[in-house]
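If you want the building blocks of each chain, they are given just below.
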Amino acid sequence: MRKTAARCAATLALALPSLAFAQETVVDVADTGDTAWILISAALVLMMTMPGLTLFYGGLVRAKSFLAVLVQVGTIAASASLLWIALGYTMAFGPVGSGWIGGFGNAMLGNLGNVRDGYMVPESAFVLFQMTFAAITPALMAGAWVDRARFGWVVGFCALWGLVVYAPVAHWIWGGGWLATKVGTLDFAGGIVVHTTAGVSALVAVILLGSRSGFPRTLMLPHAPSLTMAGAALLWVGWFGFNGGSALAANDDAASAIINTHVGASMAALVWLLIERFTVGKPTSVGFATGAIAGLATVTPAAGFISPGAAFAFGAVAALVCYPMIQIVKQRLKIDDSLDVFAVHGVGGITGSLLLAVFLSPDLGGTGYADGATMISQLAAQFVGIGVVALWSAIASAIIAVGVSLLLPMRVSEDDEREGLDLASHGERAWEFD
């Protein structure tokens with residue numbers, strides 16, 4: 001008996017140091033389920049860009065510029081991805097310094113942690129997911145300047161834009177920067193970071209570029225609405241990864257975000273068709289596709305914070321606001337935002353970011369306000385965030401656009417525009433029927 005007791009005491013004595021060490025050690029292991037979901041979400045977001053956005057925009061332009069849109073979107077996404085690896089990620093999500101921009105310790109993805117702080121996914125998976133956002137955001141702007149922007153200028157402008165506009169704004173709101181920590185601005189998946197920046201910047205760019213030849217007198221109809229519908233369908237499905245993946249975990253928040261995403265898109269598409277029925281006499285396929293995208297953009301900033309019932313309202317408001325905004329921009333202001341990037345993405349993202357402050361209320365099924373915040377204070381925080389980001393996007397985009405144009409002209413010649421950018425810029429035709 002005494003020998004047994006002695007052995008137990010000796011074993012315990014030997015085990016104590018290892019137990020103490022275990023208590024001091026932080027487990028640095030990612031959750032495989034969360035990691036798998038983030039990897040899948042990254043693939044879904046990339047699908048939104050290529051082929052989703054290329055087909056959506058490509059079907060909306062005239063046949064003579066179809067390939068030009070595809071090449072622009074693809075080149076923008078490819079260059080943005082490389083710049084994200086080199087500098088974009090560390091500027092947006094690197095070690096927090098002043099709150100205005102991330103530190104440069106993660107340039108070229110150096111010094112990455114095994115697991116992203118605050119989450120259960122590898123930092124490499126987090127980098128990949130955020131890279132797809134950095135790729136699609138500048139690509140959204142390509143729809144604004146179709147038919148007349150010179151390819152070299154587009155590539156140069158979007159490359160600088162990703163570092164000067166997108167990366168800092170992503171840091172301000174998602175990377176621990178000042179808008180999130182000091183102002184309290186919320187953006188679940190990109191209503192401000194993605195859609196407001198791209199929408200406002202696209203508007204500034206087309207004002208500087210000028211209108212297409214013949215605008216607004218000449219009717220410039222989509223050459224392939226069927227491709228636009230296919231592109232919209234891919235965007236719709238991919239948006240599940242865009243919003244659901246922004247939960248950064250395979251959990252209830254992700255599922256709720258996906259439900260709200262689908263509800264918002266469905267409601268907006270149907271309301272858009274109803275508006276068309278009463279304004280132009282017939283519901284159209286392009287209207288259905290455009291309405292769905294407006295609903296998706298509008299619900300994005302709030303997808304993980306609101307109830308499905310609120311998503312109904314987001315979708316309806318998206319159609320009721322974005323539809324007339326298209327007419328205001330093109331007909332009243334005479335601004336040739338060719339494929340309505342500002343009116344749909346920009347205005348939709350802004351609208352949803354403001355509605356978020358209302359439907360965040362627990363009384364309306366929302367997840368609730370942060371400690372000490374109220375509906376009024378959250379609305380003020382959203383206004384500040386939107387205003388700052390819109391102003392920065394406009395000023396920086398104007399400077400970049402003009403600066404790049406000193407080396408690479410912004411517009412093609414009148415002859416090239418008349419011939420079409422497929423042949424003039426790329427020496428190819430999208431369709432050969434011989």
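What you see is a predicted model; the values in this text were computed from it and never measured. (Residues numbered from 1 in each chain as written. Predicted model: local features only at pLDDT ≥ 70, side-chain atom pairs only at ≥ 80, totals over all residues. Heavy atoms only, no water.)

Quick notes on unusual backbone geometry
Rules: Where helices and strands are cited, they refer to DSSP runs of H or I of at least four residues and of E of at least two residues respectively, numbered from the N terminus.
The omega torsion across methionine 50 and proline 51 is 20 degrees, close enough to zero to call that bond cis. Note on placement: proline 51 falls in helix H2 (residues 32-60). The peptide bond linking phenylalanine 215 to proline 216 adopts the cis configuration, its omega dihedral lying at 0 degrees. Summarising the element assignment, proline 216 is placed in the loop between helix H7 (191-209) and helix H8 (225-244). Backbone geometry at methionine 108 places phi at a positive 55 degrees, although glycine is not the residue there.

Digging into the nonpolar core
For clarity, the cut-off: What makes a nonpolar core is a set of buried Ala, Val, Leu, Ile, Met, Phe, Trp, Tyr and Cys residues whose side-chain atoms join them at distances within 4.5 Å. Throughout this description, buried means an accessible area under 20% of the type-specific maximum (1.4 Å probe, protein chains only), exposed means over 50%, and partly exposed covers the range between. Note on definitions: a residue-residue contact is assigned when non-hydrogen atoms from the two residues lie within 4.5 Å.
Membership of the largest hydrophobic core comes to 116 residues, with the highest contact counts inside it found for Tyr57, Trp84, Trp145, Trp153, Phe157, Tyr166 and Ile306. The element best represented in this core is helix H5 (residues 151-174), accounting for 13 residues. In contact with tryptophan 84, other than residues within four places in its own chain, are Tyr89, Ala92, Phe93, Val127, Gln130, Met131, Ala134 and Tyr166.

Structural notes on the pattern of salt bridges
Selection criterion: In the sections that follow, a salt bridge refers to a side-chain nitrogen of Lys or Arg positioned within 4 Å of a carboxyl oxygen of Asp or Glu.
This model, assessed by the stated rule, comprises nine salt bridges. The residue arginine 116 makes a salt bridge to glutamate 123 at a minimum N-O spacing of 3.3 Å. The same class applies to arginine 116 as to glutamate 123, namely buried. In this structure, arginine 429 and glutamate 432 form a salt bridge, with 3.9 Å as the shortest nitrogen-oxygen distance. Through salt bridges with shared partners, a single network forms among Arg62, Asp147, Arg148, Arg212 and Asp336.

Observations regarding a nonpolar patch on the surface
What counts, and what does not: Like charges are joined within 9 Å and nonpolar side chains (Val, Leu, Ile, Met, Phe, Trp, Tyr) within 5 Å, but only among residues with over 30% relative accessible area and no salt bridge; these make up the patches. Calculation of accessible area relied on Shrake-Rupley with a 1.4 Å probe; when residues are assessed, cover is drawn exclusively from the protein chains displayed.
A cluster of nonpolar side chains, Leu160, Val164 and Trp392, forms an exposed patch at the surface whose accessible area comes to about 230 Å². Residue placement: tryptophan 392 occurs in helix H13 (residues 375-405). Exposure remark for tryptophan 392: the relative accessible area of 33% places this residue in the partly exposed category.

Details of the confidence of the model for the chain
To be explicit about the condition: The predictor attaches a confidence to each residue, and that confidence, scored 0 to 100, is pLDDT.
Mean pLDDT over the chain stands at 93; residues scoring 70 or higher make up 93%. pLDDT under 50 marks residues 1-27. Its contacts with residues more than four places away, or in other chains, come to zero contacts.

Structural notes on the side chain of lysine 330
For lysine 330, the location among the structural elements is in helix H11 (residues 308-332). Judged by relative accessible area, which is 18%, lysine 330 ranks as buried. When near neighbours in sequence (up to four residues on either side) are disregarded, lysine 330 contacts Phe215, Ile335, Asp337, Ser338 and Asp340.

What about the side chain of serine 65?
Relative to the elements of secondary structure, serine 65 occurs in the loop between H2 and helix H3 (66-93). Apart from residues lying up to four places away in sequence, serine 65 is in contact with Asp147, Gly420, Leu421 and Asp422.

Some thoughts on the packing of aromatic side chains
The condition is simple: Paired rings are identified among Phe, Tyr and Trp, the last through its six-membered ring, by centres lying within 6.5 Å, and are further divided according to the angle between planes into stacked (under 30 degrees), edge-to-face (over 60) and tilted (the rest).
Tallied over the entire structure, the rule returns 24 aromatic pairs. An aromatic cluster is built from Trp84, Tyr89, Phe93, Tyr119, Phe126 and Tyr166, whose rings are joined through pairwise contacts.

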